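# Examining the three-dimensional arrangement
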Amino acid sequence: MEAYSGFAQVYDAFMDNIPYDKWSDYVVSLFDKYGVKEGLVLDLGCGTGSITECLAKRGFDMIGIDNAEEMLTIAMEKKEELEEASLGENDRRKNTLYLLQDMREFELYGTVAAVVSICDSMNYIMEEEDLLEVFHLVNNYLDPKGLFVFDMNTEYKYANILANNTIAENREDCSFIWDNYYYPEEKANEYDLTLYVRDDEDETIFRRFDETHYQRAYSIDTVKRLLEEAGMEFVACYDAFTMEPPKDNSERVYFVAREKRQEDKLYIEQ
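A quick note: this is a predicted structure, and the numbers were derived from the prediction, not measured.

## Comments concerning the overall build of the chain
Regarding its fold elements, the chain presents seven helices and 11 strands. The buried share among the 270 residues of the chain stands at 51%. Contacts spanning at least 24 positions in sequence make up 67% of the contacts within the chain whose residues lie at least 6 apart. As presented, the chain carries roughly 14,100 Å² of accessible surface, and 46% of it is formed by carbon and sulfur atoms.

## Examining the environment of Ile65
With respect to the helices and strands, Ile65 occurs in strand β2 (residues 61-66). On the accessibility criterion, Ile65 (0% relative accessible area) is buried. Note: C-alpha distance between Ile65 and Asp43 (22 residues apart in sequence) is 6.2 Å. Beyond its immediate chain neighbours, meaning those up to four positions away, Ile65 contacts Leu42, Asp43, Leu44, Gly45, Cys46, Leu99, Gln101, Phe106 and Leu108.

## Observations concerning the nonpolar core
Ranked by internal contacts, the top residues of the largest apolar core, which has 33 residues, are Leu44, Met122, Phe135 and Phe148. Listed by contribution, the elements that provide at least two residues to this core are β1 (40-44), β2, β4 (112-117), α5 (128-141), β5 (142-153), α7 (220-229), β10 (233-239) and β11 (252-258). Of the residues forming this core, the biggest block, seven residues, is contributed by α5. Once you skip the residues sitting within four places of it in the chain, Phe148 turns out to touch Val115, Met122, Phe135, Val138, Leu142, Leu227, Met232, Phe255, Val256 and Ala257.

## Describing the side chain of Ser250
Here Ser250 shows up in the loop between β10 and β11. Judged by its relative accessible area of 4%, Ser250 falls in the buried class. A distance of 2.8 Å separates polar atoms of two side chains, one belonging to Ser250 and the other to Asp239. At 2.7 Å, the side chain of Ser250 forms a polar contact with the backbone nitrogen of Lys247. In contact with Ser250, other than residues within four places in its own chain, are Thr154, Tyr156 and Asp239.

## Some remarks on the sheet that holds strand β8 (residues 188-198)
Overall, antiparallel pairing links the four strands, which are arranged β6-β7-β8-β9 in an open sheet. The open sheet is flanked by β6 (166-170) and β9 (206-216), the only strands paired with a single partner. Ignoring strand direction, the axes of neighbouring strands in this sheet form an average angle of 10°. In this sheet, strand β7 (residues 174-183) lies alongside β6 in antiparallel orientation, the contact comprising five bridges. Directly across from Glu169, in β7, lies its bridge partner Phe176. Against the sheet, helix α6 (residues 155-162) engages β6, β7, β8 and β9, with an angle of about 115° to β7.

## Concerning the sheet that holds β1
The pairing of strands in a sheet comes from backbone hydrogen bonds and takes either a parallel or an antiparallel form. Across the sheet, seven strands lie side by side as β3-β2-β1-β4-β5-β11-β10; this open sheet has mixed pairing. At either margin of the open sheet sits one strand with a lone partner, and together these are β3 (96-100) and β10. The mean inter-strand angle of the sheet, taken between neighbouring strand axes irrespective of direction, is 15°. Taken together, the three bridges between β1 and β4 define a ladder with parallel strand orientation.

## Looking at the packing of helix α2 (residues 20-33) against helix α3 (residues 50-57)
Relative orientation of the contacting elements α2 and α3 amounts to 60°, with a least axis distance of 9 Å. By the angle between their directions, the pair α2 and α3 is classed as oblique. Helix-helix and strand crossings are classified by hand; for α2 and α3 the assignment is right-handed. On α3, the residues that touch Tyr20, Asp21, Trp23, Ser24, Val27 and Val28 of α2 are Ser50, Ile51, Cys54 and Leu55. By residue class, the composition of the contact of α2 with α3 is seven nonpolar, two polar and one charged.

## Some details on the pairing of β5
Counting buried positions along β5 gives nine out of 12 residues, so the element sits mostly inside the fold. As paired elements, β4 and β5 share five bridges and run parallel to each other. Each bridged residue has a counterpart across the sheet, and for Ala114 the counterpart in β5 is Leu147. For the crossover that starts at β4, traverses α5 and ends in the parallel β5, the hand is right-handed. When β5 meets β11, the two strands line up antiparallel, connected through seven bridges.

Conventions used here
- Residues numbered from 1 in each chain as written.
- Predicted model: local features only at pLDDT ≥ 70, side-chain atom pairs only at ≥ 80, totals over all residues.
- Heavy atoms only, no water.
- Helix = DSSP H or I, 4+ residues; strand = E, 2+ residues; numbered from the N terminus.
- Buried < 20%, exposed > 50% of the residue type's maximum accessible area, 1.4 Å probe, protein only.
- Contact = heavy atoms within 4.5 Å.
- Areas by Shrake-Rupley, 256 points an atom, 1.4 Å probe, with all protein chains shown as cover.
- Core = buried A, V, L, I, M, F, W, Y, C linked by side-chain atoms within 4.5 Å.
- Polar contact = N/O pair within 3.5 Å; in protein donor to acceptor, adjacent residues only side chain to side chain.
- Pairing = 2+ DSSP bridges.
- Axes fitted to C-alpha atoms, helices over the stretch in contact; angles between N-to-C directions.
- Parallel < 35°, antiparallel > 145°, perpendicular 65-115°, else oblique.
- Left-handed = near helix turned anticlockwise from the far one by under 90°.
- Nonpolar A, V, L, I, M, F, W, Y, C, P; charged D, E, K, R; others polar.
- Right-handed = clockwise from strand over helix to strand, strands pointing away.

As C-alpha coordinates, this is what we get:
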(Lines give C-alpha, C1' and ligand atoms only; values in the text may rest on other atoms or scores of the structure.)
Protein backbone atom coordinates (compact mmCIF):
# COMPACT_ATOMS: atom_id res chain seq x y z
CA MET A 1 0.00 0.00 0.00
CA GLU A 2 1.30 3.43 -0.97
CA ALA A 3 -0.36 5.29 1.90
CA TYR A 4 -0.73 9.03 1.37
CA SER A 5 0.81 8.99 -2.10
CA GLY A 6 -1.96 11.00 -3.75
CA PHE A 7 -3.58 12.31 -0.57
CA ALA A 8 -0.30 14.00 0.41
CA GLN A 9 -1.01 16.74 -2.15
CA VAL A 10 -4.27 17.74 -0.45
CA TYR A 11 -3.77 16.42 3.07
CA ASP A 12 -3.32 19.83 4.68
CA ALA A 13 -6.28 21.25 2.77
CA PHE A 14 -8.65 18.60 4.09
CA MET A 15 -7.15 18.71 7.60
CA ASP A 16 -7.59 22.47 7.97
CA ASN A 17 -10.21 21.82 10.67
CA ILE A 18 -7.56 20.32 12.98
CA PRO A 19 -6.41 22.88 15.59
CA TYR A 20 -2.76 21.83 15.54
CA ASP A 21 -1.73 24.67 17.85
CA LYS A 22 -4.20 23.54 20.51
CA TRP A 23 -3.18 19.91 20.05
CA SER A 24 0.45 20.96 20.49
CA ASP A 25 -0.46 22.96 23.59
CA TYR A 26 -1.99 19.79 25.03
CA VAL A 27 1.15 17.78 24.29
CA VAL A 28 3.28 20.47 25.93
CA SER A 29 0.96 20.43 28.95
CA LEU A 30 1.70 16.71 29.30
CA PHE A 31 5.42 17.45 28.94
CA ASP A 32 5.12 20.01 31.73
CA LYS A 33 3.14 17.66 33.94
CA TYR A 34 5.72 14.89 33.59
CA GLY A 35 8.91 16.92 33.64
CA VAL A 36 9.99 17.49 30.01
CA LYS A 37 10.96 21.16 29.79
CA GLU A 38 13.41 21.14 26.89
CA GLY A 39 15.50 18.87 24.69
CA LEU A 40 15.28 16.86 21.49
CA VAL A 41 11.85 15.45 20.61
CA LEU A 42 11.05 12.75 18.04
CA ASP A 43 7.75 12.90 16.13
CA LEU A 44 6.85 9.43 14.82
CA GLY A 45 4.52 9.41 11.81
CA CYS A 46 5.01 13.15 11.41
CA GLY A 47 3.19 13.41 8.06
CA THR A 48 3.40 16.92 6.63
CA GLY A 49 5.05 18.17 9.81
CA SER A 50 2.22 20.22 11.30
CA ILE A 51 2.70 19.00 14.89
CA THR A 52 6.47 18.82 14.38
CA GLU A 53 6.70 22.48 13.41
CA CYS A 54 4.31 23.56 16.18
CA LEU A 55 6.59 21.92 18.75
CA ALA A 56 9.66 23.45 17.08
CA LYS A 57 7.97 26.83 17.43
CA ARG A 58 7.62 26.14 21.15
CA GLY A 59 11.37 25.72 21.54
CA PHE A 60 12.03 22.01 21.01
CA ASP A 61 14.64 20.64 18.62
CA MET A 62 12.67 18.19 16.50
CA ILE A 63 13.16 15.03 14.47
CA GLY A 64 10.26 13.99 12.25
CA ILE A 65 10.02 10.44 10.90
CA ASP A 66 7.56 9.18 8.31
CA ASN A 67 7.59 6.47 5.65
CA ALA A 68 5.66 8.53 3.07
CA GLU A 69 8.13 10.43 0.93
CA GLU A 70 5.46 12.71 -0.52
CA MET A 71 4.37 13.78 2.98
CA LEU A 72 7.95 14.51 4.03
CA THR A 73 8.53 16.60 0.92
CA ILE A 74 5.64 18.82 1.96
CA ALA A 75 6.92 18.89 5.56
CA MET A 76 10.32 20.15 4.43
CA GLU A 77 8.74 22.80 2.19
CA LYS A 78 6.58 23.90 5.12
CA LYS A 79 9.65 24.08 7.37
CA GLU A 80 11.44 26.37 4.92
CA GLU A 81 8.41 28.64 4.54
CA LEU A 82 7.97 28.94 8.31
CA GLU A 83 11.66 29.64 8.87
CA GLU A 84 11.56 32.43 6.30
CA ALA A 85 8.35 33.95 7.63
CA SER A 86 8.18 36.49 10.44
CA LEU A 87 6.32 34.59 13.15
CA GLY A 88 6.46 37.04 16.05
CA GLU A 89 8.21 37.41 19.36
CA ASN A 90 6.68 34.25 20.84
CA ASP A 91 8.33 32.06 18.23
CA ARG A 92 11.30 30.22 19.73
CA ARG A 93 11.76 28.05 16.65
CA LYS A 94 14.41 25.36 16.83
CA ASN A 95 15.91 23.11 14.18
CA THR A 96 13.95 20.26 12.61
CA LEU A 97 15.39 17.18 10.89
CA TYR A 98 13.13 15.00 8.73
CA LEU A 99 13.95 11.33 8.09
CA LEU A 100 12.33 8.88 5.67
CA GLN A 101 11.99 5.76 7.83
CA ASP A 102 9.46 3.14 8.85
CA MET A 103 8.57 3.57 12.53
CA ARG A 104 8.76 -0.21 12.96
CA GLU A 105 12.51 -0.12 12.31
CA PHE A 106 13.62 3.48 12.80
CA GLU A 107 17.18 4.37 13.80
CA LEU A 108 18.60 7.45 15.50
CA TYR A 109 22.16 8.54 16.26
CA GLY A 110 21.39 9.11 19.93
CA THR A 111 18.63 9.38 22.49
CA VAL A 112 15.86 11.96 22.82
CA ALA A 113 14.06 13.61 25.71
CA ALA A 114 10.63 12.63 24.42
CA VAL A 115 8.84 10.82 21.62
CA VAL A 116 5.42 11.85 20.36
CA SER A 117 3.06 10.31 17.83
CA ILE A 118 -0.09 12.29 17.14
CA CYS A 119 -3.10 11.99 14.82
CA ASP A 120 -3.57 8.21 15.21
CA SER A 121 -0.32 7.16 13.52
CA MET A 122 -0.04 4.21 15.93
CA ASN A 123 -3.37 2.85 14.68
CA TYR A 124 -1.65 2.15 11.36
CA ILE A 125 0.35 -0.60 13.07
CA MET A 126 -1.86 -3.59 12.28
CA GLU A 127 -0.09 -6.35 14.25
CA GLU A 128 0.58 -6.52 17.98
CA GLU A 129 4.12 -7.77 17.45
CA ASP A 130 4.88 -4.74 15.24
CA LEU A 131 3.42 -2.36 17.81
CA LEU A 132 5.54 -4.05 20.47
CA GLU A 133 8.63 -3.53 18.29
CA VAL A 134 7.81 0.18 17.91
CA PHE A 135 7.55 0.43 21.69
CA HIS A 136 10.89 -1.40 22.09
CA LEU A 137 12.56 1.06 19.74
CA VAL A 138 11.02 4.07 21.47
CA ASN A 139 12.25 2.78 24.82
CA ASN A 140 15.72 2.22 23.40
CA TYR A 141 16.03 5.77 22.04
CA LEU A 142 14.62 7.63 25.04
CA ASP A 143 16.81 9.40 27.56
CA PRO A 144 16.65 7.96 31.10
CA LYS A 145 13.11 8.63 32.34
CA GLY A 146 12.27 10.08 28.91
CA LEU A 147 8.60 10.48 27.99
CA PHE A 148 6.50 8.83 25.29
CA VAL A 149 3.21 10.58 24.41
CA PHE A 150 0.93 9.22 21.70
CA ASP A 151 -2.73 9.13 20.76
CA MET A 152 -4.97 6.44 19.31
CA ASN A 153 -8.43 6.28 17.84
CA THR A 154 -10.68 4.06 19.94
CA GLU A 155 -12.77 1.08 18.95
CA TYR A 156 -15.83 3.18 19.83
CA LYS A 157 -14.90 5.66 17.10
CA TYR A 158 -14.34 2.99 14.48
CA ALA A 159 -17.49 1.05 15.34
CA ASN A 160 -19.90 3.93 16.00
CA ILE A 161 -18.63 7.09 14.32
CA LEU A 162 -16.77 5.99 11.19
CA ALA A 163 -18.50 2.60 10.99
CA ASN A 164 -19.67 1.58 7.51
CA ASN A 165 -20.22 5.10 6.29
CA THR A 166 -19.32 7.18 3.27
CA ILE A 167 -17.84 10.63 3.77
CA ALA A 168 -17.42 13.09 0.92
CA GLU A 169 -16.18 16.63 0.55
CA ASN A 170 -16.05 18.79 -2.54
CA ARG A 171 -13.81 21.86 -2.84
CA GLU A 172 -12.79 24.09 -5.71
CA ASP A 173 -9.36 22.51 -6.25
CA CYS A 174 -9.89 19.04 -4.81
CA SER A 175 -12.51 16.61 -3.58
CA PHE A 176 -12.63 13.18 -1.98
CA ILE A 177 -14.92 10.24 -1.37
CA TRP A 178 -14.13 8.17 1.72
CA ASP A 179 -15.80 4.74 1.92
CA ASN A 180 -15.27 3.37 5.43
CA TYR A 181 -15.59 -0.24 6.58
CA TYR A 182 -15.09 -1.55 10.12
CA TYR A 183 -14.51 -5.26 10.79
CA PRO A 184 -15.21 -5.82 14.51
CA GLU A 185 -13.82 -9.37 14.73
CA GLU A 186 -10.41 -8.23 13.46
CA LYS A 187 -10.79 -4.77 15.06
CA ALA A 188 -9.65 -3.50 11.66
CA ASN A 189 -10.77 -0.33 9.93
CA GLU A 190 -10.47 0.08 6.16
CA TYR A 191 -11.05 3.29 4.29
CA ASP A 192 -10.99 3.56 0.55
CA LEU A 193 -10.19 7.06 -0.70
CA THR A 194 -10.98 8.39 -4.14
CA LEU A 195 -9.35 11.77 -4.70
CA TYR A 196 -9.75 14.33 -7.46
CA VAL A 197 -7.02 16.97 -7.53
CA ARG A 198 -6.86 19.91 -9.94
CA ASP A 199 -3.79 19.78 -12.17
CA ASP A 200 -1.23 22.51 -11.49
CA GLU A 201 -0.59 23.20 -15.16
CA ASP A 202 -4.05 22.72 -16.68
CA GLU A 203 -6.83 23.89 -14.37
CA THR A 204 -9.47 22.20 -16.53
CA ILE A 205 -8.08 18.77 -15.59
CA PHE A 206 -8.67 16.93 -12.33
CA ARG A 207 -6.43 13.95 -11.69
CA ARG A 208 -7.84 10.93 -9.87
CA PHE A 209 -6.00 9.04 -7.13
CA ASP A 210 -7.21 5.89 -5.36
CA GLU A 211 -5.80 4.79 -2.02
CA THR A 212 -6.72 2.22 0.62
CA HIS A 213 -5.74 2.72 4.25
CA TYR A 214 -5.97 0.30 7.16
CA GLN A 215 -5.99 1.00 10.87
CA ARG A 216 -6.53 -1.19 13.91
CA ALA A 217 -8.29 -0.56 17.20
CA TYR A 218 -6.38 -1.53 20.34
CA SER A 219 -7.86 -1.70 23.82
CA ILE A 220 -6.25 0.36 26.55
CA ASP A 221 -5.35 -2.84 28.40
CA THR A 222 -3.59 -4.22 25.31
CA VAL A 223 -1.55 -1.04 24.82
CA LYS A 224 -0.63 -0.96 28.50
CA ARG A 225 0.49 -4.60 28.36
CA LEU A 226 2.62 -4.03 25.24
CA LEU A 227 4.26 -0.94 26.74
CA GLU A 228 5.21 -2.92 29.83
CA GLU A 229 6.44 -5.86 27.72
CA ALA A 230 8.68 -3.36 25.90
CA GLY A 231 10.22 -2.43 29.24
CA MET A 232 8.44 0.89 29.64
CA GLU A 233 6.56 2.29 32.59
CA PHE A 234 2.89 2.92 31.80
CA VAL A 235 2.06 6.29 33.36
CA ALA A 236 -1.44 7.34 32.30
CA CYS A 237 -4.20 7.23 29.70
CA TYR A 238 -6.43 10.27 29.15
CA ASP A 239 -9.55 11.14 27.27
CA ALA A 240 -8.08 13.30 24.49
CA PHE A 241 -7.25 16.92 25.36
CA THR A 242 -8.21 16.49 29.02
CA MET A 243 -6.58 15.19 32.17
CA GLU A 244 -9.58 12.91 32.74
CA PRO A 245 -9.69 9.11 32.34
CA PRO A 246 -11.16 7.71 29.12
CA LYS A 247 -14.93 7.34 28.85
CA ASP A 248 -16.94 4.60 27.16
CA ASN A 249 -17.57 6.99 24.28
CA SER A 250 -14.09 8.50 23.99
CA GLU A 251 -13.15 8.76 20.33
CA ARG A 252 -9.45 9.44 20.89
CA VAL A 253 -7.23 8.69 23.88
CA TYR A 254 -3.72 9.79 24.82
CA PHE A 255 -1.17 7.46 26.37
CA VAL A 256 1.79 8.57 28.48
CA ALA A 257 4.67 6.17 29.17
CA ARG A 258 8.16 6.59 30.54
CA GLU A 259 11.56 5.01 29.88
CA LYS A 260 12.52 2.59 32.62
CA ARG A 261 16.10 1.59 33.36
CA GLN A 262 17.08 -1.66 31.65
CA GLU A 263 19.96 -4.01 32.23
CA ASP A 264 20.72 -4.45 28.52
CA LYS A 265 20.72 -0.72 27.63
CA LEU A 266 23.93 1.29 27.52
CA TYR A 267 23.72 4.38 29.70
CA ILE A 268 26.16 7.27 29.70
CA GLU A 269 26.48 8.37 33.29
CA GLN A 270 26.40 12.13 33.82
